[in-house]
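Listed below, chain by chain, are the residues.
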Amino acid sequence: SIIKNSSIPVEIIPIYLKNLRKFYKRKKRILDSTEFSISRFLVPYLSGFKGISLFVDCDFVFKGDIADLLKIVKSDPKRALWCVKHNYIPKEKRKFLGEKQLVYNRKNWSSFVIYNNKYCKKLTPTFIEKANGLYLHQFRWTKDHLIGSLPKEWNVLVGEQKIPKNFKSLHYTVGGPYFKKYR
């Protein structure tokens, strides 16, 4: 859906732990619901700490043109990252594929992140391997004033929020419609 709705060229690279083993050794832990729960923070490193990169969880469906996001980034280029700053407590006890739902401050901020890679040089494989998951997900590795806001329409939490008429992407945190169980 990203490619279908984009007016600019897009390259999509899945984060697959087995392909990162030469330089990244952290294994999936009990609190990690997916193998990219922590490895998502490698995106700036994988981008050579250059340019702008977007990380999105795999349970999104897009209707908006991601080229629109570049306008936001270009209007405020001194940020380390941009995300939708959700403030909520999940309704469900379980989420994607039956994983336990953890409740914490800044929940789902890291599910859709635009990185300004040059300001994220702290996020090396060595740093990420040792860092606490909550520390990473709450973006405590950067300063709060360096976290930009994206319009909420870019990360609408299905089942948690009312779906606006003009949403840009839907986030199926409990399970996407591409899984038989969630159709």
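Placed above this text is the structure.
Residues numbered from 1 in each chain as written. Predicted model: local features only at pLDDT ≥ 70, side-chain atom pairs only at ≥ 80, totals over all residues. Heavy atoms only, no water.

### Re the overall build of the protein chain
Rules: A helix here means a DSSP run of H or I that spans at least four residues, while a strand means a run of E at least two residues long, and both kinds are numbered starting from the N terminus. Radius of gyration: C-alpha atoms only; globule rule: 2.2 Å multiplied by the number of residues to the exponent 0.38. Throughout this description, buried means an accessible area under 20% of the type-specific maximum (1.4 Å probe, protein chains only), exposed means over 50%, and partly exposed covers the range between. Two residues form a contact once any of their heavy atoms are found within 4.5 Å. Exposure was quantified through the Shrake-Rupley algorithm and a 1.4 Å probe, taking into account, for residues, occlusion by the shown protein chains and nothing else. For the purpose of counting charges, residues Lys and Arg are taken to be positive, whereas Asp and Glu are taken to be negative. His and the chain ends are not included. In plain terms, the charge of a residue is placed at NZ if it is Lys, CZ if Arg, CG if Asp and CD if Glu.
Counting its regular elements, the protein chain contains 6 helices and 7 strands. Reading the protein chain from its N end, one meets helices and strands in the order α-α-α-β-β-α-β-β-α-α-β-β-β. Relative to the compact-globule value of 16 Å for 183 residues, the protein chain shows a C-alpha radius of gyration of 16 Å, a close match. Counting across all 183 residues of the protein chain, residues that qualify as buried make up 46%. Looking at the protein chain alone, contacts between residues at least 24 apart form 72% of all its contacts between residues at least 6 apart. By element, 56% of the accessible surface of the protein chain is carried by carbon and sulfur atoms, the whole surface being about 10,600 Å². Of the charged side chains in the protein chain, 37 are positive and 14 negative, and the gap between their average positions amounts to 3 Å.

### A closer look at the state of the cysteines
The following threshold applies: Disulfide: a pair of cysteine sulfur atoms within 2.5 Å of each other.
In this structure the tally under the stated criterion is 0 disulfides. The thiol of Cys58 is not disulfide-bonded; the next cysteine sulfur, from Cys83, is found 19 Å away. Accessibility expressed as a relative area gives 43% for Cys58, which makes it partly exposed. The structure places no disulfide on Cys83, whose sulfur is separated from the nearest cysteine sulfur, that of Cys120, by 12 Å. The exposure class assigned to Cys83 is buried, which follows from its relative accessible area of 0%.

### Some remarks on the sheet that holds strand S7 (residues 169-171)
Strand pairing in a sheet relies on backbone hydrogen bonds. The paired strands run either parallel or antiparallel. Test applied: If DSSP finds at least two bridges between two strands, the strands pair.
Read from one edge of the open sheet, 3 strands run S2-S7-S6, paired in mixed fashion. Looking along the sheet, the strands with just one partner apiece sit at the ends: strand S2 (60-62) and strand S6 (156-157). Strand direction decides the pairing type here: S6 and S7, joined by 2 bridges, are parallel. Looking at S7, one finds that Leu157 is bridged to His171.

### As for the environment of Ser47
Looking at the element boundaries, Ser47 is found in the loop between helix H3 (43-46) and strand S1 (52-56). Among the residues examined, Ser47 registers a relative accessible area of 27% and is labelled partly exposed. For the pair Ser47 and Phe127, spaced 80 residues apart in sequence, the C-alpha separation works out to 16 Å. Look past the residues within four positions of Ser47 in its chain and what remains in contact with it is Ser53 and Asn117.

### Details of the pattern of salt bridges
Quick reminder of the rule: When a carboxyl oxygen of Asp or Glu lies within 4 Å of a side-chain nitrogen of Lys or Arg, that pair is called a salt bridge.
Using the criterion set out here, one finds 4 salt bridges in the structure. The residue Asp57 makes a salt bridge to Arg40 at a minimum N-O spacing of 2.9 Å. Taken together, the residues span a long stretch of sequence, with Asp57 in the loop between S1 and S2 and Arg40 in the loop between helix H2 (36-39) and H3 at a distance of 17 residues. Neither Asp57 nor Arg40 differs from the other in exposure class; each is buried. Of the charged contacts in the structure, one is a salt bridge between Asp76 and Arg79, with a shortest N-O distance of 2.6 Å. The exposure class assigned to Arg79 is partly exposed, which follows from its relative accessible area of 23%.

### Overview of unusual backbone geometry
Phi angles above zero are rare outside glycine, and Phe49 is one such case at about 55°. Along the chain, Phe49 falls in the loop between H3 and S1. For Phe49, a relative accessible area of 17% gives the class buried. One non-glycine residue, Arg106, lies in positive phi territory at about 70°. Of note, Arg106 is situated in the loop between strand S3 (81-83) and strand S4 (112-116).

Honestly, that's just the spatial picture; any functional story needs more than this.
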